[in-house]
Amino acid sequence: MILVTGGAGYIGSHVVKDLADRGYSVIVIDNLSTGHLKAVDQRAIFIHGDVRDSKNLDNIFSSFPIEAVMHFAANCLVGESVRSPLKYYQNNVETSLTLIQKMIDFHINKFIFSSTCATYGVPNCTFIHETLPANPINPYGKSKLFVESILQDVSKSDPFHSVSLRYFNAAGCNEKGVLGEDHKPETHLIPNVLNHLQGKTKCIEVFGNDYDTPDGTCIRDYIHVSDISLAHILALESLLKCSNHSLTEVFNVGNTRGFSVLEIIHKCEEVTGLKATIKISPRRQGDPPHLVASSKKIQEFLGWMPRFSIEEMIQTAWNWKYKNPDGY
Ligand code: UDP
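Residues numbered from 1 in each chain as written. Predicted model: local features only at pLDDT ≥ 70, side-chain atom pairs only at ≥ 80, totals over all residues. Heavy atoms only, no water.

**Student:** Would you take a moment to explain the packing of helix α8 (residues 261-272) against helix α10 (residues 310-323) for this structure?
**Tutor:** The angle between the axes and the distance between the axes are what describe a pair of packed helices. Interhelical geometry of α8 versus α10 gives an angle of 60 degrees and a closest axis separation of 10 Å. The orientation of α8 with respect to α10, classified from their angle, is oblique. Seen from above, α8 lies across α10 with right-handed handedness. Facing α8, whose interface residues are Ile264, Lys267, Cys268, Val271 and Thr272, α10 presents Ile310, Glu311, Ile314, Gln315 and Trp318. Of the residues that constitute the contact of α8 with α10, the class distribution is 6 nonpolar, 2 polar and 2 charged. (Axes fitted to C-alpha atoms, helices over the stretch in contact; angles between N-to-C directions. Helix = DSSP H or I, 4+ residues; strand = E, 2+ residues; numbered from the N terminus. Parallel < 35°, antiparallel > 145°, perpendicular 65-115°, else oblique. Left-handed = near helix turned anticlockwise from the far one by under 90°. Contact = heavy atoms within 4.5 Å. Nonpolar A, V, L, I, M, F, W, Y, C, P; charged D, E, K, R; others polar.)

Structural data, given as structure tokens:
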């Protein structure tokens, strides 16, 4: 049985469905602070609770034969983390500490951690490799890097196997249209553009057009949520084969292709056939100009390959939004 924290969230819910499709038994714990009960696959057991509540974890670990844990429950907004750093250290670091401690107490030692490309900071390179020194510039990235460091230390003191997946920019929705992206408030670029194109906002704000990039706007590497989900499944399969020695791995999960904010807006216009009204606004605090992955390592170690194009990411996101204009 696989325990998924934050399994009602955007990425977690996609992974829960894919795990269930592959025949895994899944138990989800989520406090529904940002997730949606409707997003949790019916085949999973759902526990409404907080991961920081160690009694909840005691109940789960003593009642179910958990083999591995996937930990998504976290806050993940760069701008918010700059404004509310303590929220990020509490919800991202403290929660992980409680969970890892409980796993050790219950002799559960296979852990997949949702990390982020925000751990890299402002890299001065075209493709970011995992060997690049991490130097995060916002509390979100720092909170995730702290947990990665904790995992490394734990692997030296206990037989503990972990894979940290450093996601680049998750985008798109389940291809069959059964799951979507529904954040309230929405802050991410692609859903914001699509919301605007649905007439929910007067314009799409571009946060800064004076970066040192070809069109002056930030470049990101967008990766389909189902590709991120596949990376979790492959990581899980490799961890389930681990026996004695501790394994601590970090993998980028990105498409190795960068798109600027303006390029993304134009792609959304192409896919939907609608025209956006663009407003240039000041830079958003904590934003690095250029983040694009090398995904060589995960391709070599886990045989993972991204399958979806940027058009497919936008199309699947649009399909879901079109059918579910008010979200879940
Ligand atoms: N962005 C923007 N307008 C928006 C939302 C995002 O210009 O309404 C920019 C943001 O400043 C960043 C990029 O789009 O440069 C991706 O931001 P997002 O919040 O989607 O993901 P992040 O890179 O912060 O994880």
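That shown, we press on.
**Student:** Is there a simple way to explain the sheet that holds strand β11 (residues 248-253) in this structure?
**Tutor:** Across a sheet, strands are paired by hydrogen bonds formed along the backbone, either parallel or antiparallel in direction. With parallel pairing, the 7 strands of this open sheet are ordered in space as β3-β2-β1-β4-β5-β6-β11. Here the strands that pair on one side only, and so sit at the sheet edges, are β3 (45-48) and β11. Mean inter-strand twist for the sheet, computed between neighbouring axes without regard to direction, equals 20 degrees. Pairing between strand β5 (residues 110-116) and strand β6 (residues 161-167): 7 bridges, direction parallel. (Pairing = 2+ DSSP bridges.)

**Student:** Hey, could you run me through the sheet that holds strand β12 (residues 259-260) in this one?
**Tutor:** The 3 strands are arranged β12-β9-β14 in an open sheet whose pairing can be described as mixed. Edge positions in the open sheet fall to β12 and β14 (290-291), since each of these has one partner strand only. Across 2 bridges, strand β9 (residues 219-220) lies against β14 in parallel orientation. Looking at the pairing, Ile219 lines up with His290 of β14.

**Student:** Sorry, what's going on with helix α6 (residues 189-197) here?
**Tutor:** Every α-helix winds through 3.6 residues per turn, so residues three or four apart in the chain are directed the same way. Among the 9 residues in α6, 8 count as buried, and that is most of the element. Those residues of α6 lying buried are Leu189, Ile190, Pro191, Val193, Leu194, Asn195, His196 and Leu197. Where the residues of α6 are buried, they touch β7 (169-171), β8 (204-207), β10 (222-224), α8 and α10. (Buried < 20%, exposed > 50% of the residue type's maximum accessible area, 1.4 Å probe, protein only.)

Remember that the coordinates give geometry; whether it matters functionally is a separate question.
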